[in-house]
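# Chain and residue survey
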Amino acid sequence: MISRSRRLDVSTRTQAWHLRAGGTSLIVDTIGQFCPRVSYWGPEVGDDPAVVEAVLESQGLSVPSGTCDIPLRVGVLPEESAGWLGEPGIMLTRGGRLIPVKLHTTRVESGGADDSPWPLDGPEGQQVGAWLWADVTDATAKIEGRIEIQVTPSGIVRQRAHIRNSGDEPLGVARLVPTLPLPTTLTQIVDQAGRHLRERQTQMHEATIGVHHRPTRGARNHNASTILGAAVAGANARQGRVAYGHVEWSGNVDQWVERTPFGHLVLAGGELLMPGEIELARGETYSSPWLSATWGDGFDAASAKFHSYVRGFTAHPSRPRPVTLNAWEAVYFAQTFEGLSELARLAAEVGVERFVLDDGWFGSRRDDRSGLGDWQVSEDVWPDGLQPLARMVHDLGMEFGLWFEPEMLNMDSEIARAHPEWIMGPRDREPLESRHQQVLNLTAPGVVDYLEDAISRLVSEVGIDYIKWDYNRDLLEAYDRIGGGYAVHGQTVALYALLDRLHERFPDLEIESCAGGGGRVDLGIMRRAQRIWGSDCIDPLERQIIQAGTSLLLPAELIGSHIASPTSHTTGRTQNLQFRCLNAQFYHLGIEWDLRRASEVERAELAAWVAAHKNIRDVSHTGSLVTGLQPDDATRVVGAVAEDGAQAYYVVIQTRTSASRPAGILTLPGLDPDGMYRIEAPIIANNAVVGLPPDHGGHGSTLAGAPAWWASGVIASGAFLAEVGVAGPIVNPERAVLLRATRL
Ligand code: DGJ
């Protein structure tokens, strides 16, 4: 929905547009001689033009002493010419020099869902609830631009900008980063940090005056802040206003939150550009990636908007997410037909639906030092090719998935020897190696064709249903050896083109975005992939945190989560099977464990959890993820509530012992407040059992005690369960139980 209000400013006419969709309002206003400004976004404020007037009135009309003589307007692209001395949103150069820019708004168009100019199909296809285009120009600088704003039906706010060179001299784009205001009542900055094996830990700290800058360099980065925004002090999963954004881009990202002494708190997000990276000839245009943002009372509400938005992507999978077995941690590079076919047989037996052969099947790749980039099946390891294994996997009723790392190469490879000019880096030397590998320059002539041909041939000949698309190093010194200059922008565009071409050729082919675990998690890639690998760390204690951070952006069905070996390969912790299974239940379930080493009893229990997942995924892959608040983080309660509220599952995870009572009250949020629900611990493997003999991990039982209702269940309303809760069981540390809520 869109409504417009007009008002007269002291000197010039101001026009305002009110975009409304999915419970979100966004008010944007323009004055001819300035860049458009978002004056408000957040909860819907109703259709009354007086409200819009009031919002405009409240926008910085006073002039603080010591500043410019007219009120400061922080436009979508904040400019120095408008009096802004914070981080600029636009920086352009000609002949290597910064040029002055003063954007004027010349034309605004707006509309609703019916007349949206964005197509619904194709990777960038987008459902729009309300939208606005503002054309901007600077005749002296010889530039034209457009600012695009959308509010999606899920209530996500999106912005991007385009800049076109209308002059004869090349135009350098040093920065084009759209900005959104944040309410100054949000006093805490929210962002994410991490490293390999511990991605996306959410952190909060006071938003003091200054810039909290969180760029992503290297085009992927385990320390990337996947989300960035602000919150009220004490905000948690269920309470407290939060607002955060995400840059839909898989290359370098520039983003910051800035607080000024004049009462501005802004969120900015776009592409991080290096000098000379974007040079526009006359008539050429550069477009920034979309900055998409959400808000909510509590993180669950804010992330739910992102989940429903992402579920609308053209690439979003529509069929049930197949339970996957990934052979990596089972065999690493030790691939043999006998070993893998035995693993496949056991996988099918426990209910696996997709079998993935990981790294090591090609060229001279017997370890991570050679062969990367040579996408021909290794005759040493697979003398009869991969077809016999793929056929067997298909005959067992599973899909066949294969690992690739298309953007990379080992220096010890046929491809590096044949095409040293294809390697990214300075002309006279190689960048430092990382995992013994370098990066293929996808912008070099012939590279994308080489990859498309090699991958396509294998997809057709072997019968590949799924590609695990890995990416195991950051881009260091990412120069184009042939054309010269920094090439991360071009690399990202070329990657998208390659993925789009493969999807066009093989519409049913699914792709998983993996980057040494969870190093490339963004909505640019998710418009072309159906899963991300959350992390190389499968230890449930670590994974709980990684999954919570990842689900601030992605819905559960896109987050790959595997049931690992009893002893974690990355932390050395040993955990029992139920704990490992429950950690992964709500997500895109997989197994990464050498089942040949599992006992029959373990495989039977695993099969029970896989079978249970096939019911649970109907709820968690279409419904909402919720968090039950606990007095401390010793207990985590994560729930998945069906879209219609008829059913929900909750996993109660005890990470450690706590100084407070071991089993407190469990609040179970997210249910229909008026519905009556039966809460029970379903009988799956050992789930409902108290004080039994040791579980298979040999560490004692899951429960040390259970409330009176445990055996027969308890009935309460959704409102009661959310507000008051039920007495929980005493769960032993590093143990978890599953609860089911069924509406009566
Ligand atoms: C990193 C991935 O995250 C792992 O799952 C595995 O595929 C290895 N790469 C293989 O090299």
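About the thresholds
- Residues numbered from 1 in each chain as written.
- Predicted model: local features only at pLDDT ≥ 70, side-chain atom pairs only at ≥ 80, totals over all residues.
- Heavy atoms only, no water.
- UniProt positions renumbered as here; feature names shortened; annotations may be inferred.
- Buried < 20%, exposed > 50% of the residue type's maximum accessible area, 1.4 Å probe, protein only.
- Helix = DSSP H or I, 4+ residues; strand = E, 2+ residues; numbered from the N terminus.
- Polar contact = N/O pair within 3.5 Å; in protein donor to acceptor, adjacent residues only side chain to side chain.
- Near = heavy atom within 4 Å.
- Nonpolar A, V, L, I, M, F, W, Y, C, P; charged D, E, K, R; others polar.
- Phe/Tyr/Trp six-rings, centres within 6.5 Å; stacked < 30°, edge-to-face > 60°.
- Lys NZ or Arg CZ within 6 Å of the ring centre and 35° of its normal.
- Domains from an automatic or database assignment.
- Contact = heavy atoms within 4.5 Å.
- Buried area = accessible area lost by both parts, 1.4 Å probe.
- Salt bridge = Lys/Arg side-chain N within 4 Å of Asp/Glu carboxyl O.
- Patch = residues over 30% accessible without salt bridge, like charges linked within 9 Å, V, L, I, M, F, W, Y side chains within 5 Å.
- Areas by Shrake-Rupley, 256 points an atom, 1.4 Å probe, with all protein chains shown as cover.
- Pairing = 2+ DSSP bridges.
- Axes fitted to C-alpha atoms, helices over the stretch in contact; angles between N-to-C directions.

The protein chain appears in an unreviewed UniProt entry as Alpha-galactosidase from Nanchangia anserum. Under the heading Catalytic activity (unreviewed entry), UniProt records this for the protein chain: "Hydrolysis of terminal, non-reducing alpha-D-galactose residues in alpha-D-galactosides, including galactose oligosaccharides, galactomannans and galactolipids." The protein chain has a UniProt comment under Sequence similarities (unreviewed entry) that states "Belongs to the glycosyl hydrolase."

### Quick notes on unusual backbone geometry
With phi around 60°, Lys-142 is a residue other than glycine that occupies positive phi space. Residue Lys-142 is classed as partly exposed on the basis of its relative accessible area of 43%.

### Considerations on the side chain of Thr-667
For Thr-667, the location among the structural elements is in the loop between strand S36 (665–666) and strand S37 (676–680). Within the structure, Thr-667 has its side chain in polar contact with the backbone oxygen of Leu-629 (distance 3.5 Å).

### Observations regarding the site of the ligand
The immediate surroundings of the ligand are formed by 13 residues, with Asp-358, Asp-359, Lys-468, Asp-470 and Asp-536 found nearest. One nitrogen or oxygen atom from the side chain of Asn-472 is found 3.4 Å from a nitrogen atom belonging to the ligand. Asp-536 is positioned with one of its side-chain polar atoms (N or O) 2.4 Å from an oxygen atom of the ligand. Classifying every residue of the shell around the ligand gives 4 nonpolar, 3 polar and 6 charged.

### Topic: the packing of aromatic side chains
Within this structure, the stated rule accounts for 21 aromatic pairs. Centre to centre, the rings of Trp-375 and Trp-403 are 6.3 Å apart; their planes meet at 55°, and the pair counts as tilted. Residue Trp-375 is located in the loop between strand S24 (354–357) and helix H5 (387–395), and its partner Trp-403 is located in strand S25 (residues 399–404); the two are separated by 28 residues in the primary sequence. Summarising the aromatic geometry, the rings of Trp-709 and Trp-710 are spaced 5.3 Å apart at their centres and angled 55° between planes, so their arrangement reads as tilted. Trp-709 sits in the buried class, given a relative accessible area of 9%. A network of ring pairs unites the aromatic residues Tyr-244, Phe-299, Phe-306, Tyr-309 and Phe-313 as a single cluster. Geometry around Phe-313 places Arg-527 over its ring, the cationic atom sitting 3.9 Å from the centre.

### So, the domain arrangement of the protein chain
Partitioning the protein chain into structural domains gives domain 1 (7–310), domain 2 (324–622) and domain 3 (625–743). Of note, the centres of domain 1 and domain 3, computed from C-alpha atoms alone, are 41 Å apart. Opposite the 6 residues of domain 1 that make contact, domain 3 presents 6 residues. Each partner contributes to the roughly 440 Å² buried at the junction of domain 1 and domain 3, and carbon and sulfur atoms together form 60% of this total. Considering only the side of domain 1, the residues that lose the most area to domain 3 are Arg-238, Asp-300 and His-307, jointly responsible for 74% of the buried surface there. One can count 0 salt bridges joining domain 1 with domain 3. At the junction of domain 1 and domain 3, the tally comes to 1 residue pair in polar contact (both at pLDDT 80 or more). Here the residues of the side of domain 1 that touches domain 3 sort into 1 nonpolar, 3 polar and 2 charged.

### Structural notes on a nonpolar patch on the surface
Taken together, the side chains of Met-676, Ile-715 and Leu-744 define a hydrophobic patch exposed on the protein surface, amounting to about 300 Å² of accessible area. When you line up the elements, Ile-715 lands in strand S39 (residues 714–717).

### Re the UniProt feature "active site" (unreviewed entry) in the protein chain
When the UniProt feature table is mapped onto this chain, "active site" (unreviewed entry) is found at Asp-470 and Asp-536. For this annotated set, covering 67 residues, all C-alpha atoms fall within 11.6 Å of each other, a compact arrangement in space. Of note, Asp-470 is situated in the loop between strand S28 (466–469) and helix H8 (488–505). Filtering out sequence-adjacent residues up to four positions away, Asp-470 remains in contact with Trp-403, Phe-404, Glu-405, Pro-406, Glu-407, Cys-514, Ala-515 and Gly-516. The topology assignment puts Asp-536 in the loop between strand S30 (531–533) and helix H9 (540–550). Residues contacting Asp-536, with those up to four places away along its chain left out, are His-196, Leu-197, Glu-199, Glu-329, Gly-516, Gly-517 and Thr-570. Engagement of the side chain of Asp-536 in a polar contact is seen with the side chain of His-196, the distance being 2.9 Å.

### Re the sheet that holds strand S29 (residues 510–513)
Ordered in space as S23-S24-S25-S28-S29-S30-S31-S32, the 8 strands form a closed barrel in which the pairing is parallel. Neighbouring strand axes in the sheet, compared pairwise and without regard to direction, differ in orientation by 30° on average. Pairing geometry for S28 and S29, over 4 bridges, is parallel. Its bridge partner being in S29, Tyr-466 is matched across the sheet by Glu-510. Set on the sheet, helix H4 (residues 337–350) makes contact with strand S23 (324–326), S24 and strand S32 (588–592); between it and S24 the angle comes to about 155°. Of the strands in this sheet, S28 and S29 touch H8, which is tilted by about 170° from S28.

### Considerations on helix H10 (residues 577–584)
For an α-helix, 3.6 residues make a turn, and residues three or four places apart therefore share a direction. Counting buried positions along H10 gives 8 out of 8 residues, so the element sits mostly inside the fold. Within H10, the full set of buried residues consists of Leu-577, Gln-578, Phe-579, Arg-580, Cys-581, Leu-582, Asn-583 and Ala-584. In the core, the buried residues of H10 are packed alongside H9, strand S31 (559–564), S32, helix H11 (600–620), strand S35 (647–654) and strand S42 (735–743).

### Brief notes about the sheet that holds strand S18 (residues 253–259)
With respect to topology, 4 strands assemble into an open sheet ordered S12-S19-S18-S15, the strand pairing being antiparallel. The sheet terminates laterally at strand S12 (179–181) and strand S15 (210–213), the two strands that pair on one side only. This sheet shows a mean twist of 20° between the axes of neighbouring strands, independent of strand direction. When S15 meets S18, the two strands line up antiparallel, connected through 4 bridges.

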